[in-house]
Amino acid sequence: MTARPTVGVPQGPLGFLPRAASPGTATWEYQVKHEHFNPHGVLHGGVVMALLDTAMGHAVAELVAPEGAFNAAAEMSVRFLEPIRAGTITARAEVRKCGKRLAVVEAEVTDEQGLTLAVATATHAILRKKKESPAPAPGHS
């Protein structure tokens, strides 16, 4: 299992903050920065998508990593409901179904007042590391 991000410590180039995680759920935050605005003066949708993807990916990982598996987004759909101009936004993700090969996860982004700003669904592939073949015994090929 890979190391779990430390709660409250900014992660990656956008400075997302992990806030909580348990099997099948994850919560991440982002402090809105003007340098990430689009030409129309609101937060670029790609930043919102990245926050949602981060929360959803970690929610699935909390379920599958203890089994030695890892996950990767295979599909994601986002609906933007409100423009974002300031404050702290929070993405909360929950796995709806986790099978042997696929997981379905949902998430929403809210502002500090609880207004829903965006919602997303994703399908994640559940992958297992291939076991390495044992090395041939010396003198055998």
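Residues numbered from 1 in each chain as written. Predicted model: local features only at pLDDT ≥ 70, side-chain atom pairs only at ≥ 80, totals over all residues. Heavy atoms only, no water.

Caption draft 1: Geometry of the overall build of the chain. For the chain, the helix and strand inventory stands at 1 helix and 6 strands. Counting helices and strands in the order they occur from the N terminus, the chain gives β-β-α-β-β-β-β. Projected onto the principal axes, the alpha-carbon positions of the chain cover approximately 70 × 30 × 25 Å. Sorting the 141 residues of the chain into buried and exposed places 38% on the buried side. For the chain, contacts bridging at least 24 residues in sequence account for 60% of all contacts bridging at least 6. When the accessible surface of the chain is split by element, carbon and sulfur atoms take 55% of a total near 8500 Å². Looking at the chain, you have 14 positive and 13 negative side-chain charges, and the mean spots of the two groups are 9 Å apart. (Helix = DSSP H or I, 4+ residues; strand = E, 2+ residues; numbered from the N terminus. Buried < 20%, exposed > 50% of the residue type's maximum accessible area, 1.4 Å probe, protein only. Contact = heavy atoms within 4.5 Å. Areas by Shrake-Rupley, 256 points an atom, 1.4 Å probe, with all protein chains shown as cover. Lys, Arg positive; Asp, Glu negative; His and termini not counted. Charge placed at Lys NZ, Arg CZ, Asp CG, Glu CD.)

Caption draft 2: Structural view of the pairing of strand β2 (residues 25-31). Counting buried positions over the 7 residues of β2 gives 5, a clear majority of the element. The pairing of strand β1 (residues 17-22) with β2 spans 5 bridges and is classified as antiparallel. Its bridge partner being in β2, S22 is matched across the sheet by T25. As consecutive antiparallel partners, β1 and β2 are separated by 2 residues, and within that stretch G24 has a phi angle of approximately 90 degrees, a positive value. The pairing of β2 with strand β4 (residues 88-98) spans 7 bridges and is classified as antiparallel. Its bridge partner being in β4, A26 is matched across the sheet by A93. (Pairing = 2+ DSSP bridges.)

Caption draft 3: The arrangement of the nonpolar core in detail. Within the largest apolar cluster, 31 residues are counted, with the highest numbers of intra-cluster contacts made by L52, I89 and V109. Of the residues forming this core, the biggest block, 9 residues, is contributed by helix α1 (residues 45-64). Non-local contacts of I89, meaning those with residues more than four positions away in its chain, are made with W28, E29, Y30, V32, L43, L51, I84, V109, T110 and L117. (Core = buried A, V, L, I, M, F, W, Y, C linked by side-chain atoms within 4.5 Å.)

Caption draft 4: The pairing of strand β5 (residues 102-110), seen in detail. With 8 bridges connecting them, β4 and β5 associate as antiparallel partners. Paired with T90 across the bridge in β5 is T110. Linking two consecutive strands that pair antiparallel, namely β4 and β5, is a turn of 3 residues. In this structure, β5 lies alongside strand β6 (residues 116-128), joined through 9 bridges in antiparallel fashion. Paired with L102 across the two strands is A125, which belongs to β6. The loop that links β5 with its antiparallel partner β6 comprises 5 residues; one of these, G114, has a positive phi angle of about 90 degrees.

Caption draft 5: Seen up close, the sheet that holds β4. Pairing is antiparallel across the open sheet formed by 6 strands, whose spatial order is β1-β2-β4-β5-β6-β3. Single-partner strands in this sheet number two, and they are β1 and β3 (69-80). Each strand axis lies, on average, 20 degrees off the axis of its neighbour in the sheet, ignoring direction. Helix-sheet contacts for α1 involve β1, β2, β3, β4, β5 and β6, and the interaxial angle to β3 is about 145 degrees. (Axes fitted to C-alpha atoms, helices over the stretch in contact; angles between N-to-C directions.)

Caption draft 6: Molecular detail of the pattern of salt bridges. Scanning all chains against the criterion turns up 3 salt bridges. Salt-bridge contacts for E94 lead to R96; the nearest nitrogen and oxygen are separated by 3.4 Å. We classify R96 as partly exposed; its relative accessible area is 49%. In the salt-bridge network here, residues are joined through shared partners; they are E94, R96 and E106. (Salt bridge = Lys/Arg side-chain N within 4 Å of Asp/Glu carboxyl O.)

None of this, on its own, says anything about what the molecule does.
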